[in-house]
Amino acid sequence: MELIRPDTHFDFIGKRKITLCISTVVILICLGSILFHGGLKYGVDFAGGLLIQIKFSKPVSISEVRGALDVMGSKEAMVQAFGGENEFLIRVEKSSEDLEAMSKTIQASLQQQFKDKPLEIRRAEVVGPKVGKDLKKKALWAVGLSLVAILIYVAFRFHEISYGLGGIISLFHDVIVVYGAISIAGIEYSLNVLAVVLTIVGFSINDTIVIFDRVRENIKKMRKDSLETIFNVSINETLGRTILTNGTVMIVVLILFFFGGAVIHDFTTALIVGMITGTYSTVYIASPVVLFWEQYISRRKRR
Amino acid sequence: MLRGLKWKFILYAAITLFAILLLLPTLTSELPPWFGKVIPTEKIHLGLDLQGGMHLILEVEAEKALESYVERIKNNLRDDLKEKGIPVGKLEREKGSQIVFEVSGEKERWEKILSQRYGMMQELSSSTLDKGIWRVALVLDSRQADQIKKNAIDQALETIRNRVDQFGVSEPEITLQGTDRILIQLPGIRDPQRAINLIGQTALLEFKLVDEEGDIETALKGNVPEGDIILYQRSVDPKTGGVKKIPYLLKEKTLMTGEVLKDARVALDSQFHEPYVSLEFDDIGAKLFEQITGANVKKRLAIILDNNVYSAPVIQERIAGGRAQITGRFDTKEASDLAIVLRAGALPAPVKIIEERTVGPSLGQDSIHKGIISTLISAVFIVLFMIFYYRLSGMIADVALILNVVLTLAALALFRATLTLPGIAGLVLSIGMAVDANVLIHERIKEELRWGKTIRAAIDQGYHRAFSAIIDSNLTTLIAGVLLYQFGTGPVRGFAVTVSIGILANIFTAVYITRWIFDFWTLKMKVKTLSI
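Quick caveat, the model's predicted, so the values are computed rather than measured.

### Here's the deal with the overall build of chain A
Along the backbone of chain A there are ten helices and four strands. Moving toward the C terminus, one meets the helices and strands of chain A in the order α-α-β-α-β-β-α-β-α-α-α-α-α-α. Summarising its shape, the C-alpha atoms of chain A cover approximately 80 × 45 × 30 Å along the three principal directions. Evaluated residue by residue, chain A yields a buried proportion of 49% over its 303 residues. Long-range contacts, defined as pairs at least 24 residues apart, comprise 77% of the intrachain contacts of chain A with a sequence gap of at least 6.

### Concerning the overall build of chain B
What chain B contains, in helices and strands, is 14 helices and 19 strands. For 532 residues, the compact-globule formula gives about 24 Å, and the C-alpha radius of gyration of chain B, at 35 Å, lies well above that figure. Counting only C-alpha atoms and orienting by the principal axes, one finds that chain B spans roughly 110 × 60 × 45 Å. With 532 residues in all, chain B has 38% of them scored as buried. Counting only contacts in chain B whose residues sit at least 6 apart along the sequence, the fraction spanning at least 24 positions is 69%.

### Some points on the sheet that holds strand β14 (residues 275-281) of chain B
All names here are of chain B. Read across the sheet, three strands follow the order β13-β14-β17 without closing on themselves; strand pairing throughout is antiparallel. Each edge of the open sheet carries a strand with a single partner, namely β13 (261-268) and β17 (323-326). The mean angle between the axes of side-by-side strands here comes to 25°, regardless of whether they run parallel or antiparallel.

### Looking at the domain arrangement of chain B
Bring the parts together and some accessible area is lost; that lost area is often taken as the interface size. Each assigned domain of chain B is listed here: domain 1 (2-50 + 360-524), domain 2 (64-144) and domain 3 (201-347). Put simply, the middle of domain 1 of chain B and the middle of domain 2 of chain B, counted by C-alpha atoms, are 68 Å apart.

### Regarding the packing of helix α12 (residues 421-450) of chain B against helix α13 (residues 455-487) of chain B
Two measures define how a pair of helices packs: the angle their axes make with one another and the distance between the axes. Residues and elements named next belong to chain B. Orientation of α12 relative to α13, taken along the N-to-C sense of each, is 150°, at an axis distance of 8 Å. With respect to their mutual orientation, α12 and α13 come out roughly antiparallel. Where α12 crosses over α13, the two elements pack in a sense that is right-handed. The segment α12 lies against α13, with Met433, Ala437, Leu440, Ile441, Arg444, Ile445, Glu448 and Leu449 engaging Ala458, Ile459, Gln461, Gly462, Tyr463, Arg465, Ala466, Ala469, Ile470, Asn474 and Thr477.

### A short note on the confidence of the model for chain B
The share of residues in chain B with pLDDT of 70 or more is 99%, and the mean pLDDT across the chain is 86. Interface scoring of the predicted complex returns ipTM 0.85; its pTM is 0.78.

### Notes on the nonpolar core
Counting 212 residues, the largest nonpolar core has Val178(A) and Ala270(A) as its most contacted members. For this core, the leading source of residues is helix α7 (residues 191-221) of chain A, giving 16 residues.

### Notes on the interface of chain A and chain B
At the interface, 57 residues of chain A touch 57 residues of chain B. At the level of elements, α4 (99-113), β4 (119-127), α5 (129-157), α7 and α9 (239-259) of chain A are the ones that each hand at least two residues to the side of chain A that touches chain B. Residue composition of the side of chain A that touches chain B, grouped by class: 35 nonpolar, eleven polar and eleven charged. Relative to strand β18 (residues 351-359) of chain B, β4(A) is paired through five bridges, and the arrangement is antiparallel. In the strand pairing of β18(B), Val127(A) is matched with Glu355(B).

### Thoughts on the sheet that holds strand β2 (residues 78-81) of chain A
Reading across from one edge, β2(A)-β3(A)-β1(A)-β4(A)-β18(B)-β2(B)-β8(B)-β7(B) is the order of the eight strands in this open sheet, with antiparallel pairing throughout. A strand with exactly one partner marks an edge of an open sheet, and here the two such strands are β2 of chain A together with β7 (173-177) of chain B. In this sheet, neighbouring strand axes are inclined to one another by 20° on average, regardless of whether the strands run parallel or antiparallel. Across eight bridges, strand β2 (residues 53-60) of chain B lies against β18(B) in antiparallel orientation. Bridging from a neighbouring strand, Glu59(B) pairs with Lys352(B) of β18(B). Against the sheet, α5(A) engages β4 of chain A together with β2 and β18 of chain B, with an angle of about 70° to β18(B).

### Topic: the domain arrangement of chain A
Taken domain by domain, chain A holds domain 1 (13-42 + 131-297) and domain 2 (49-127). For domain 1 of chain A and domain 2 of chain A, the distance between their C-alpha centroids amounts to 38 Å.

### Observations regarding the environment of Ile152(A)
Residue and element names in this part refer to chain A. Mapped onto the secondary structure, Ile152 falls in helix α5. Look at Ile152 and you get partly exposed, because 14 C-beta atoms sit within 10 Å. In sequence terms Ile152 and Ile168 are 16 residues apart; their C-alpha atoms lie 9.9 Å from each other.

### So, unusual backbone geometry
With the exception of glycine, most residues fall at negative phi, and the peptide bonds are largely trans. Residue and element names in this part refer to chain B. Backbone geometry at Lys298 places phi at a positive 75°, although glycine is not the residue there. Mapped onto the elements of the fold, Lys298 is located in the loop between α9 (283-295) and β15 (301-305). Lys298 gets classed as exposed once you count the C-beta atoms within 10 Å, which come to 9. The backbone of Arg391 shows a phi angle near 55°, a positive value even though the residue is not glycine. For Arg391, the location among the structural elements is in helix α11 (residues 361-414). Using a count of 13 C-beta atoms within 10 Å as the deciding quantity, one classes Arg391 as partly exposed.

### Points about the packing of helix α8 (residues 227-237) of chain A against helix α10 (residues 265-297) of chain A
Residues and elements named next belong to chain A. Here α8 crosses α10 at 160°, and the two axes come no closer than 10 Å. The angle between the axes of α8 and α10 places the two elements in the roughly antiparallel class. Regarding α8 and α10, the two cross each other, and that crossing is right-handed. For the pair formed by α8 and α10, the contact residues are Leu227, Glu228, Phe231 and Ile235 on the first element and Val283, Ser287, Leu291 and Glu294 on the second. Class assignment of the residues belonging to the contact of α8 with α10 gives a composition of five nonpolar, one polar and two charged.

### Things to note about α11(B)
Residue and element names in this part refer to chain B. Over its 54 residues, α11 runs only 26 Å from end to end, short of the ideal 80 Å by more than 12%, given 1.5 Å per residue. At Tyr390, α11 shows its maximal kink, close to 145°. One or two steps after α11, the chain reaches Arg416, where phi turns positive at roughly 55°.

### Topic: the pairing of strand β5 (residues 121-128) of chain B
Residues and elements named next belong to chain B. In terms of strand pairing, β5 meets strand β6 (residues 133-140) through seven bridges, oriented antiparallel. Residue pairing in the sheet places Ser125 in a bridge with Ala137 of β6. Remark: four residues form the turn of the hairpin made by β5 and β6, two consecutive strands paired antiparallel; Lys131 in that turn has positive phi of roughly 45°.

### Some points on the environment of Tyr485(B)
Residues and elements named next belong to chain B. Tracing the backbone shows Tyr485 in helix α13. The class for Tyr485 is partly exposed, based on 17 C-beta atoms found within 10 Å. Spatially, the C-alpha atoms of Tyr485 and Ala458 are 39 Å apart, while their sequence positions differ by 27 residues. Apart from residues lying up to four places away in sequence, Tyr485 is in contact with Arg493, Ala496, Val497 and Ser500.

### Focus: helix α7 (residues 192-200) of chain B
All names here are of chain B. Inspection of α7 places Pro192, Ala195, Ile196, Leu198 and Ile199 among the buried residues, and these make up the whole buried set. Looking down the long axis of α7, one finds its buried residues gathered within 165° of arc, a one-sided arrangement. Buried residues in α7 make contact with β2, α6 (142-167), β8 (181-187), α10 (332-344) and β18.

Rules used throughout
- Residues numbered from 1 in each chain as written.
- Chains lettered and ligands numbered in written order.
- Predicted model: local features only at pLDDT ≥ 70, side-chain atom pairs only at ≥ 80, totals over all residues.
- Helix = DSSP H or I, 4+ residues; strand = E, 2+ residues; numbered from the N terminus.
- Buried ≥ 20, exposed ≤ 12 C-beta atoms within 10 Å, placed from the backbone.
- Contact = placed C-beta atoms within 7 Å.
- Rg over C-alpha atoms; globule rule 2.2 N^0.38 Å.
- Pairing = 2+ DSSP bridges.
- Axes fitted to C-alpha atoms, helices over the stretch in contact; angles between N-to-C directions.
- Domains from an automatic or database assignment.
- Parallel < 35°, antiparallel > 145°, perpendicular 65-115°, else oblique.
- Left-handed = near helix turned anticlockwise from the far one by under 90°.
- pLDDT = per-residue confidence, 0-100.
- Core = buried A, V, L, I, M, F, W, Y, C linked by C-beta atoms within 7 Å.
- Nonpolar A, V, L, I, M, F, W, Y, C, P; charged D, E, K, R; others polar.
- Expected span 1.5 Å × (residues − 1).
- Bend = angle between axes of the 7 residues up to and from the residue.
- Arc of directions from axis to C-beta.

Have a look at this one:
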């Protein structure tokens, strides 16, 4: 069975000026949203604070919960509906020392005030300010080192620094787009979302390497052609695989999105965005970067 | 070639069988007793985010252990100087682990005491004030201080382990994290608040005499007699819920601590049917208690826990036999928790909760339930799609994919790794890459067939050509995974573990297992056309 005819000749690379504009606009929107919101919306994992997820057994409106919190004078507490019916998230973003006690008070007071509508504490998290900072620092280090390792490995395997750079720059593109999407959708940046970002990085670099691999192979065969042609041919040759693989994964992610439940909703939303940008960036970021480098910066021009 | 096929089959079949055996304990609990002797019976551990439970990180305030150590030295020093008749004025602990005191008389005499008995304190400075009065500053030796801090942390870890063991939690995990943090994971806990109280309580039990001569009223106005302190008894009115604080003027010197406890049990008062905690001292404690009670008949002895006075009964007579009791208004649960913490011993220093995550059992169950459903739907989709698109060859890819998941999960069980939500993200990534590897190979074989190659040549070339792409993309991700594991924490590590294992399984299944099946299929069955 053939989904994609084997002899496609789309001029992907020729359109790179247009797509560069699109990329620039998208990146600017993403960075703009992050800046506009005053940075990423850090969850309690990174910012420190407390989070309580409650579920009532009988219908309760969000304003009732807000009212109850007002009664006890928890002004910093924010309430939002979450997942299923009568389920709410209460959050306090505060980096003080007495969070533990505060969490206790809120839980007890809610249970007291909604005596006739029993509630269940489904999740309670308290992260001290020091821990949040630690987690942030460690996560940053781990991700940074991984990116450097990817750069070195790809540059080594493809004998050119440009391929490593292409891969890394496209990863940065993807990460910025995903962070932008998180910021626009108002999703909180938590450790779980960080795991998604890492997943996206994995998919994206995988996609990039598959096409680079074809380029590496075709350079040997097509000695007379320009690098631009080689990239175009390579992308076309692997088009079937790109659509099959990324399509399959995309559908799996959509299944997770619709059936996976509220807890992983943020998680899958970010993944969907990441899959799209990861596929796009291979063709329109990674490849043009290599072309640009080889044409203008590298002395050894390829013919 | 055919002989090679046979040996490869034996090897691959053995690995597959081993992986399935490793997974059996996770799938069923009814295994024959001999099973555990042959195969590790580790189950796949689900993270607290999936199964519900409590995750705590405590910080041991080791500085406080240092302070109380120096505090004791200070009290001993005062007694020693007084005993030798050396006039001592101000004597205070300063800046954590320093002691500053003023002393008069011959320098040699007090210096002798210092060098003989207080070797752990270094003289920081000494200067004459006037008329033969010396002002001396001592500081705790830094090596000694480090040792005390380290001991405090080790002992805190041990004590908390004891308490959790006695509380009865299945498969708790209590480990040291960094230098002064303790990570506690309690799966499936039902009453998190109670567990926190139990773990976090310092539980320092002290016996001090009530200062019968001092006047509590003047002391409350700020005029506390030398060597006395004020502590409070909290009493909750069961009707109104209001808290009353009753002040006590006590002698600062601690006569006895909980260290001499042998046992602590809950007992029921025969008269009022109220629970109390009965204490039993060890031999040293029993003797000490007899001495103390004997010397202080008709005085009041305060029983203090974590600076709260529980009761201060009048000593009626010398008490031999080494028994005492703590009464107070508590319910049975509180009493039994108190007995647990007293039995397990006091924490050498207070602990502070710096991270707490509790997932209720129902949320965990929800996550598992939905996770299983969506995973099954995804799996069915992928399996069917592969067959739909690649026909018989698609079934080969399916074998590889299923085996990939089996191997990954088996490795998780073998290495006692924990499966968390981020871990599932890692699993999704590795399955995605497994699909990709199979697609790469199949597309390549198709491409070679289009060029007019024979089936055998197409398979050979297809694998050969696809190999570099698979290896490079998988190795890149593996390197990133290993680094994330090395430098990440908690969830990042959970992700890194499944990704790394998944990728290793992927290279094995997608490249080697499928190759064997293709070879077997084309060589043994001698097919004329490839269903791909």
